[in-house]
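A look at the structure
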Amino acid sequence: MEKGNMQSKMPPDKASSSQLPVLGLSKKRKLDKENAPEPEKKRIRGAGTAVTMAISRPRVPTVATMSRVKKQDAAQKAPLKSGPWHTTAVTTDLKSRKPVSACSAPKPVSAVSPTTARKRPSKRPAWDVKGQLCDLRKEFSACQVQTEVLTRENQELKSQLGQAEQQAKTLEAENKVLTAELTETQAQAKEDQLELARLGPRVQELEEHLHTQEALVKSLQEERLRLQEERRDLATRLEVQEVQLQESVAALAKSQAEITAQAALLAERTEHLHGLEMERRYLHNQLQELKGNIRVFCRVRPALPGETEPPPGLILFPPGPNGTSEPSTRLSLTRPPDDHRCSIIGGLPGPPVRYDFSFDRVFLPGCRQHEVFEEVSLLVQSALDGYPVCIFAYGQTGSGKTFTMEGGPGGDPQVEGLIPRAVRHLFSVAKKLEAQGWSYTFVASYVEIYNETIRDLLACVGGAQKCQGANYEIRLAGPGSKELIVTNAQYVPVSCQEEVESLLHLARQNRAVARTAQNEQSSRSHSVFQLQISGKHMGQNLHCAAPLNLVDLAGSERLDPGLSTGPSDQERLKETQAINSSLSALGHVIMALSNKEPHVPYRNSKLTYLLQNSLRGSAKMLMFVNISPLEEHFSESLNSLRFASKVNQCVIGSARANKK
């Protein structure tokens, strides 16, 4: 019964899944119709055989028992009656999955075959109750023995089950630990795989870098071998070079001695050259003084297209003492016979009157611009030597003063005037003097004096009327300085001829011009182009500074008594009066300087006040008197020549260079 309970408690799948043979399962015997109430007797198997005992009371079979019985009946091909007959199955170690038999000591014995069962004694008769009782006792004893055996087996199985359960718990704990370790290991493996996937390109890159470095190392090793070879070659060459160096050191010492001697000779020759340069400057100045510190050149312009040709004999150029081979210095102006001017005796027309003038140089109408500048170039160079130089053009309106000073329109180099040619010459000479240790700086300004008002031609754009806003006055450059400047005027540093030409173009656009009775475009103001020149010789510690003034005076005209009183005519009248007044003041200043008067009226005119440093005895002055060849301009030409002749007779003191 205990065995049957154990069998019912076990799961069906485990009971049926036992791999051990089933202990001898007895078949039921059929009851005789006569002995139906009596219990059915089972056959007793041999020693060690598992025996089943019939139970008088029938039990309801379990599902597992019924399925097992059906399988056994099908195997024996004999139907069995319903009953709880079953054997104890082999238990299995569930945790360790190792089969363990119910009884380890006795080995199972196979069931009795049907042939043996037939050899048993025949069934006792019903009347042999005693024999049946003996049989039952024997069978009961066998059952008790079997029960004890099964009880021991059950206890052993329980002990094994406890051990298996304890082992299962241990294995389950170990399984959990191993599962956690497995999970952690798998996570770590995934991370390692990701890290491996991430490090794969890096490893490949490092491998490529390694290959590159190996190639580089190989090339460096080859380079090292090559350099070692070169080092050996260089060592050999070094030995040769050391020998040559020693020879060169000896030659250098000899050369240094020669250089020292040459340096001393160079210094001596430089000093001698400087002495020659100073002597040249002195002789140049003496030559200019012999020519006169105040010189007057006369230039007669040719007749322009559309003008009436002058009558023969109006202007004559008598040859000099040496004939026509030397430049002309004399000019004769002959007044033609005039029917309106009659002689006192007889009322006949007056005879022609001849006026003779002598100047430092007379330029005929056919003279070119470069011929005029050749006579002026030496005087211009005196400005680099530190002597103030002033060149101005004087004459009636339309006589060619602006053409002489600035040149013709269009920028033709053949008709350039004195200003651009003088600037080019100064830059060229200064460049040559740099080889002798001289360095020069140039600062240019360009102003005009219109109706005794100063205007800056370099600060005006779009016409002269826009220049009237600023206030321009003549002041000393600073305390203790004798240099005069125009306040608020533009003083522009220049270093080449192109910069000066741009300034001249701007000034030409801004200068005040107007139509007069004798000229369509007459300059109605005095223009003064001033170039401040500063030079220094660092070797000799010499400094020199001097201005070069190139002045285009306004055209002189006589006042016309029949001039109308209109606004424009009144403006022309005012301009003419201012021009004549300033020209007269210039003549008075020159006469005062010639007469050595204690007071020179520089302040009588803005023109003379601005040019006083270039008119004094320490300056060199040249005046161009320009005249027209036309007969209708005879009177104005005669007045201009008379004024120039007076200036030519003036003698001022010796010029002195502004040196420090």
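Each remark here, short or long, concerns the structure printed above.
Now for a look at the structure at hand. Worth saying up front: this structure is predicted, and the values here are computed from it rather than measured.

Criteria and cut-off values
- Residues numbered from 1 in each chain as written.
- Predicted model: local features only at pLDDT ≥ 70, side-chain atom pairs only at ≥ 80, totals over all residues.
- Heavy atoms only, no water.
- Helix = DSSP H or I, 4+ residues; strand = E, 2+ residues; numbered from the N terminus.
- Buried < 20%, exposed > 50% of the residue type's maximum accessible area, 1.4 Å probe, protein only.
- Contact = heavy atoms within 4.5 Å.
- Areas by Shrake-Rupley, 256 points an atom, 1.4 Å probe, with all protein chains shown as cover.
- Polar contact = N/O pair within 3.5 Å; in protein donor to acceptor, adjacent residues only side chain to side chain.
- Phe/Tyr/Trp six-rings, centres within 6.5 Å; stacked < 30°, edge-to-face > 60°.
- Lys NZ or Arg CZ within 6 Å of the ring centre and 35° of its normal.
- Salt bridge = Lys/Arg side-chain N within 4 Å of Asp/Glu carboxyl O.
- Axes fitted to C-alpha atoms, helices over the stretch in contact; angles between N-to-C directions.
- Parallel < 35°, antiparallel > 145°, perpendicular 65-115°, else oblique.
- Left-handed = near helix turned anticlockwise from the far one by under 90°.
- Nonpolar A, V, L, I, M, F, W, Y, C, P; charged D, E, K, R; others polar.
- Expected span 1.5 Å × (residues − 1).

1. A few points about the overall build of the protein chain
- On a plain count of helices and strands, the protein chain comes out with 13 helices and 18 strands.
- A buried classification covers 37% of the 660 residues belonging to the protein chain.
- Nonlocal contacts in the protein chain, meaning residues at least 24 apart in sequence, comprise 70% of its contacts between residues at least 6 apart.
- With the model as given, the accessible surface of the protein chain reaches about 39500 Å², and the carbon-plus-sulfur share is 56%.

2. Focus on the side chain of Thr-334
- Mapping Thr-334 onto the fold places it in strand β5 (residues 330-335).
- Taking relative accessible area as the criterion, Thr-334 reaches 17% and is therefore assigned buried.
- A distance of 3.3 Å separates the side chain of Thr-334 from the backbone oxygen of Gly-313, its partner in a polar contact.
- Not counting residues up to four positions away in its chain, the partners in contact with Thr-334 are Gly-313, Leu-314, Pro-352, Val-353, Arg-354 and Phe-634.

3. Some points on the packing of aromatic side chains
- Evaluated as defined, the whole model comprises nine aromatic pairs.
- Lying across the ring of Tyr-387, Lys-620 places its NZ or CZ 5.0 Å from the centre.

4. A word on the pattern of salt bridges
- Under the definition given, this model contains 14 salt bridges.
- Note that Arg-202 is salt-bridged to Glu-205, the shortest N-O span being 3.6 Å. Of this pair, Arg-202 and Glu-205 both sit in helix α5 (residues 129-291), three residues apart, roughly one helical turn.
- Residue Arg-202 is classed as partly exposed on the basis of its relative accessible area, which comes to 42%.
- Of the residues examined, Glu-205 reaches a relative accessible area of 43% and is grouped as partly exposed.
- In this structure, Arg-232 and Glu-229 form a salt bridge, with 2.3 Å as the shortest nitrogen-oxygen distance. You can see Arg-232 and its partner Glu-229 sitting in helix α5, three residues apart, about one turn around the helix.
- Several salt bridges converge on common partners, so that one network encompasses Arg-124, Asp-128 and Asp-135.

5. Examining the packing of helix α6 (residues 369-381) against helix α8 (residues 418-433)
- Between α6 and α8, whose axes approach to 10 Å, the crossing angle comes to 50°. Put simply, α6 runs oblique to α8. Considering the relative orientation of α6 and α8, their crossing is right-handed. The segment α6 lies against α8, with Gln-369, His-370, Val-372, Phe-373, Val-376, Ser-377, Val-380 and Gln-381 engaging Leu-418, Arg-421, Ala-422, His-425, Leu-426 and Val-429.
- Taken together, the residues of the contact of α6 with α8 sort by class into eight nonpolar, five polar and one charged.

6. Thoughts on helix α13 (residues 634-648)
- The first and last C-alpha atoms of α13 sit 21 Å apart over 15 residues, in line with the 21 Å expected at 1.5 Å per residue.
- Those residues of α13 lying buried are Phe-634, Glu-636, Ser-637, Leu-638, Ser-640, Leu-641, Phe-643, Ala-644, Ser-645 and Val-647.

7. Things to note about the side chain of Glu-406
- Relative to the elements of secondary structure, Glu-406 occurs in the loop between α7 (401-405) and α8.
- For Glu-406, the side chain forms a polar contact with the side chain of Tyr-446, separated by 2.7 Å.
- One polar contact links Glu-406 to Arg-508, side chain to side chain, over a distance of 3.4 Å.
- Contact partners of Glu-406, with chain neighbours within four places excluded, come to Glu-416, Gly-417, Ile-419, Pro-420, Tyr-446, Arg-508, Arg-511 and Ser-527.

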